Structures are given as C-alpha cells and as structure tokens.
Amino acid sequence: MASQLSTANDGAVSRGSSVAASAGLGVLAAAIGYLVSYVLIVDEVRDAFGGDVADWKGVAWYFYNAHLVDVETTGSFGGFSGSSTVDFIAESGSTSATLLYVVPPLVLLGMGAMLARQWNVADIGEAVTVGTPVTIGYAVVVGLGALVAESSSEGSFFGIEASGSVAPELLPAIVLGGILYPLVFATAGAVLVAVFGSR
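Fair warning: this is a prediction, and the values are worked out from it, not measured in the lab.

What counts, and where the lines are drawn
- Residues numbered from 1 in each chain as written.
- Predicted model: local features only at pLDDT ≥ 70, side-chain atom pairs only at ≥ 80, totals over all residues.
- Heavy atoms only, no water.
- Helix = DSSP H or I, 4+ residues; strand = E, 2+ residues; numbered from the N terminus.
- Buried < 20%, exposed > 50% of the residue type's maximum accessible area, 1.4 Å probe, protein only.
- Contact = heavy atoms within 4.5 Å.
- Phe/Tyr/Trp six-rings, centres within 6.5 Å; stacked < 30°, edge-to-face > 60°.
- pLDDT = per-residue confidence, 0-100.

### As for the environment of Glu150
Here is step 1: Tracing the chain through its elements places Glu150 in the loop between helix H7 (134-148) and strand S5 (151-157).
Here is step 2: Glu150 sits in the partly exposed class, given a relative accessible area of 37%.
Here is step 3: Sequence spacing of Glu150 and Thr73 is 77 residues, and the spatial spacing of their C-alpha atoms is 9.7 Å.

Written as structure tokens, this is what we have:
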C-alpha cells in the first residue's frame, strides 16, 4: 500500500492528512445524521414530551435509538430507586421514526464513498485506510453527545426527595454508535467505490 494517496486532482496527500480529513468528516457525518433526524422526528418529539424536554435532547434520544442504543431512565424516590431502558423508535411505530434506522448507515456509506472518490482509492487496502478514520470524529461526537443529552430533574414531595434522569446508555453509545457504525459503514462505502471504481 502506498504511503500517499492521490487526490482527484492528482496531488499527493499524506496518510496523516487523510486520517485528519477522514476524522473531520466523521464529525460532519454525525452532524448531518443528527440534523436529518431532527427534520424527520422533531414534531413527534414535541408531541411526546411537550415542553418537559428540550427538542434537541428528545431528537438526540431518537438519534441514539437509530444506532440501536437504548435510552436509560433512572429514578429514585426516598430510599427506592430503579432504572429501565426505552427505545423510542420501536415504541413509536411511525414511518418517520422507522426511517431513522437508515439515516446513520446511509450518511456513513455516503461519507466513506465520497472520501474514496476524492482520493481515487485503487484497492481495498487504501479504502480501509481512508474509511476507517471516520470513526475517530464520529466516536467523539457520539460520546460527547450521550453526555450532554442527559435530562435530569429533582424535587421533593411531602418531604421525600425524588430525582430522575434520562440519557442514552454511555458505553453502548460509544462502542456501538460511535465506533462500530462508522467502522462498518464508512469503510464499506469506501470499499464499494474501490471495488466498483476499478472495473
């Protein structure tokens, strides 16, 4: 495998530059996926949560569900506490919600394909080199997003303290949503361009 990749303009791009660019496009892929999800589901989020949850957080929960990451709800009342998980997409059943499952794979496939075309990848090895680093940027955004998408509340009822929180499950968000999704789909997009472009 060459230490440099060719751009569409036949200029040489170092491997370090391609990694940095791919990681940056991983950030862009996460942002595009979230924005498409926002357009598709924000009305349902408003209907489901009313004014109790910020729209962007509710959409984020659906976005994580689209990566097969459950949202965890925890609560405590006095000395009692418990937790459960929820998949808002599965519970919704609406067409807009179901469409969310294809958003992350399509965006990542497209990003990997775009990178492969930009750098004229000629074989599968180069495609993996170009597509895999998308994971870096995507994982950072998805990991941080899981932290900021938490919604919590506290209160007191007749002198008894109560609290609750809702947030994407952090470890699955990072491993499944942040690493496996881009690793599989962005790399697959680059490999497809390499395979079909060489014919």
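### Things to note about the environment of Val53
Here is step 1: With respect to the secondary-structure elements, Val53 resides in the loop between helix H1 (15-49) and helix H2 (55-66).
Here is step 2: The sequence separation of Val53 and Ser151 amounts to 98 residues, and the corresponding C-alpha distance is 7.4 Å.
Here is step 3: Sequence-distant contacts of Val53, defined by excluding residues within four places in its chain, comprise Gly58 and Trp61.

### Things to note about the packing of aromatic side chains
Think of a pair of aromatic rings as described by two things: how far the centres are apart, and how the planes are tilted against each other in angle.
Here is step 1: The final tally for this structure, using the stated rule, is 8 aromatic pairs.
Here is step 2: Taken together, a centroid distance of 6.0 Å and an interplanar angle of 85° make the contact between Tyr34 and Phe63 edge-to-face. Within this pair, whereas Tyr34 is found in helix H1, its partner Phe63 is found in helix H2, the two being separated by 29 residues in sequence. One exposure class covers both Tyr34 and Phe63, and it is buried.
Here is step 3: Taken together, Tyr34, Tyr38, Phe63 and Tyr64 form an aromatic cluster joined through their ring pairs.

### A look at the confidence of the model for the protein chain
Here is step 1: Here the protein chain shows a mean pLDDT of 86. Residues at 70 or above account for 82%.
Here is step 2: The least confident element of the protein chain is strand S2 (residues 12-14), whose mean pLDDT is 50; the most confident is H2, at 97.
Here is step 3: Predicted confidence for residues 7-13 stays below pLDDT 50, and this span has 15 contacts to residues more than four positions away or in other chains.

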